[in-house]
Amino acid sequence: MQIVEVNTQKDRNEFIGFPKRLYKDDPYWVCMLDPEVEATFDPEKNNNFRHGEASRWILIDDHGRTIGRIAAFYDRVRSEVYRQRTGGIGYFEVIDNRQAAFALFDTGKAWLASHGMEAMDGPVNFGENDSNWGLLVDGFMQQGYGMPYHKKYYREFFEAYGFRNYYEQYSYHREVRGKDGKIVEFPPRIMKIAEWLTNRPGYSFRHFEIAKKDKFVSDFVEVYNSAWAVFKEDFIPLAPEVLDATFRKAKAVIDEDIIWFAYYNLKPIAFFILLPDVNQIIKPFRGKLNFWNMIRFVWAKWTHKMTRMRAIVGGVHPAHQNTGVESAIFYKLYGEFKFKPWYKELELSWVGDFNPKMTAIYEALGATRAKTHVTFRYMINDKIDFMRYKDEMAWKDGPEPVSRNGEQ
């Protein structure tokens, strides 16, 4: 077997083409769009290159056939906030062969170690964690757009190599309409709390409008940066121009009526962003976004072939958490669902095992856990103790832990 760094157009084609062959008989796999994959590794299109680096490889067998691929990357800012410098591996795909899998892991580990990393997380994304993050270990069904799908045998490879469960990610599903076409009501308690809050003085709610995008981008950034700064250890404040670019890219699929913001005395305090599930219509594209597929896309959108929504991100300002504002936003969404009969299902993904409050909210809404992904961590520097993410959150204000060999 031979590891080849991806540098040429032929290599790039193999990096993109290998999963299409690997999953060709799997009815649940949906191919990422080729331009999206390439954009991840393009410094002009991926803002993470401003303070990070990435490399990728394909694995070739003795007959010249591609049998695996992997990427490795790190963010200099994020890597420094952990107890140890931490990078990531992702875009991992391989045939059912442990030796091949380990060769790919070895390559990613060596590259990260050469750049000063002491741990590697995977499989993760060289970007935000709402997309291509975690290994699917339960719920092998068609995933929502941005949620990764994997071979069942990958888990054994990760665990046998020495990766450990850093945190679990849960995707919840909830029916919007039953088989009879009637809307499925939210639990009475949620409706009561929501109605009470929406009628309180000072509270107001608005859905997203493309024409007023700049205001909503500003509101999103204000809430997001306030909410996540106190929760996420590797948090980097979101810049408005980054979010603006994301909204522009998603303009073709945005449904303004299912993106909601909450305000108190006209100041933004919460948001929930739902997007129609593009995976329902791009599956036959096999990664290609050519002229014919763009026509198919427009037709599928306007004939409402996207019947599922994915809640990709939400946030509540710390000062307004536990007030019921989340319920109030879903109450507003419920009002929109009544007039959009093509929406049948809502996916809430994802929520970490370290976030019991959000898990409780989803379950209170009547959603059930449908899928589990795992973000694994491997300690390149084995003198540093492994800790799960929720244990790190509890520990981070305490003393330095004792390592396995007894050294501080």
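Above this note sits the structure.
If you're wondering where the values come from, they're calculated on a predicted model, not measured in any experiment.

Turning our eyes to something else, we now look at the overall build of the chain. In terms of regular secondary structure, the chain is built from 13 helices and 13 strands. Relative to the globule expectation of 22 Å for 408 residues, the C-alpha radius of gyration of the chain, 22 Å, shows essentially globular dimensions. With the principal axes as the frame, the chain shows a C-alpha extent of 65 × 60 × 35 Å. Counting all 408 residues of the chain, 54% fall into the buried class. Considering only residue pairs separated by 6 or more positions, the chain has 75% of its internal contacts joining residues 24 or more positions apart. A total of about 18,900 Å² of accessible surface is found on the chain, and carbon and sulfur atoms cover 52% of it. Here the chain holds 57 positive side-chain charges and 55 negative ones, and the gap between their average locations is 5 Å.

Taking 1.5 Å per residue, twelve residues should reach 16 Å; helix α10 (residues 291–302) reaches 17 Å between its end C-alpha atoms and fits that length. Tucked inside the fold, the buried residues of α10 contact α9 (279–282). Phi for His304, located one or two positions after α10, is positive at around 60 degrees.

So, on to the nonpolar core. Counting 36 residues, the largest nonpolar core has Ile89, Phe92, Val94, Phe105, Tyr154 and Phe163 as its most contacted members. Those elements that place two or more of their residues in this core are α1 (9–22), β2 (52–60), β3 (66–75), β4 (86–94), α4 (98–114), β6 (135–138), α5 (154–161) and β13 (368–379). Non-local contacts of Val94, meaning those with residues more than four positions away in its chain, are made with Phe18, Leu22, Ile67, Gly68, Ala100, Ala101, Leu104, Tyr153, Tyr154 and Phe157. Met309, Val325, Leu346 and Tyr362 belong to the second-largest nonpolar core, a separate cluster that totals 35 residues.

This part takes up the layout of surface pockets. One number sums up the size of the second largest pocket: a volume of about 240 Å³. Looking at the lining of the second largest pocket residue by residue, the classes come out as eight nonpolar, one polar and six charged.

The next point concerns the environment of His173. Structurally, the position occupied by His173 is in strand β7 (residues 164–175). The residues contacting His173, other than those within four sequence positions of it, are Met141, Glu345, Leu346, Glu347, Ala367, Thr368, Ala370 and Lys371. Polar contacts involving the side chain of His173 include one to the side chain of Glu347, which spans 3.2 Å.

What counts, and where the lines are drawn
Residues numbered from 1 in each chain as written. Predicted model: local features only at pLDDT ≥ 70, side-chain atom pairs only at ≥ 80, totals over all residues. Heavy atoms only, no water. Helix = DSSP H or I, 4+ residues; strand = E, 2+ residues; numbered from the N terminus. Rg over C-alpha atoms; globule rule 2.2 N^0.38 Å. Buried < 20%, exposed > 50% of the residue type's maximum accessible area, 1.4 Å probe, protein only. Contact = heavy atoms within 4.5 Å. Areas by Shrake-Rupley, 256 points an atom, 1.4 Å probe, with all protein chains shown as cover. Lys, Arg positive; Asp, Glu negative; His and termini not counted. Charge placed at Lys NZ, Arg CZ, Asp CG, Glu CD. Expected span 1.5 Å × (residues − 1). Core = buried A, V, L, I, M, F, W, Y, C linked by side-chain atoms within 4.5 Å. 1 Å grid on protein atoms, 1.4 Å probe; cavity = no way out; pocket = protein on both sides within 12 Å on 5 of 7 lines; lining within 4 Å. Points joined across faces, edges and corners; volume = space filled by probe spheres on them. Nonpolar A, V, L, I, M, F, W, Y, C, P; charged D, E, K, R; others polar. Polar contact = N/O pair within 3.5 Å; in protein donor to acceptor, adjacent residues only side chain to side chain.

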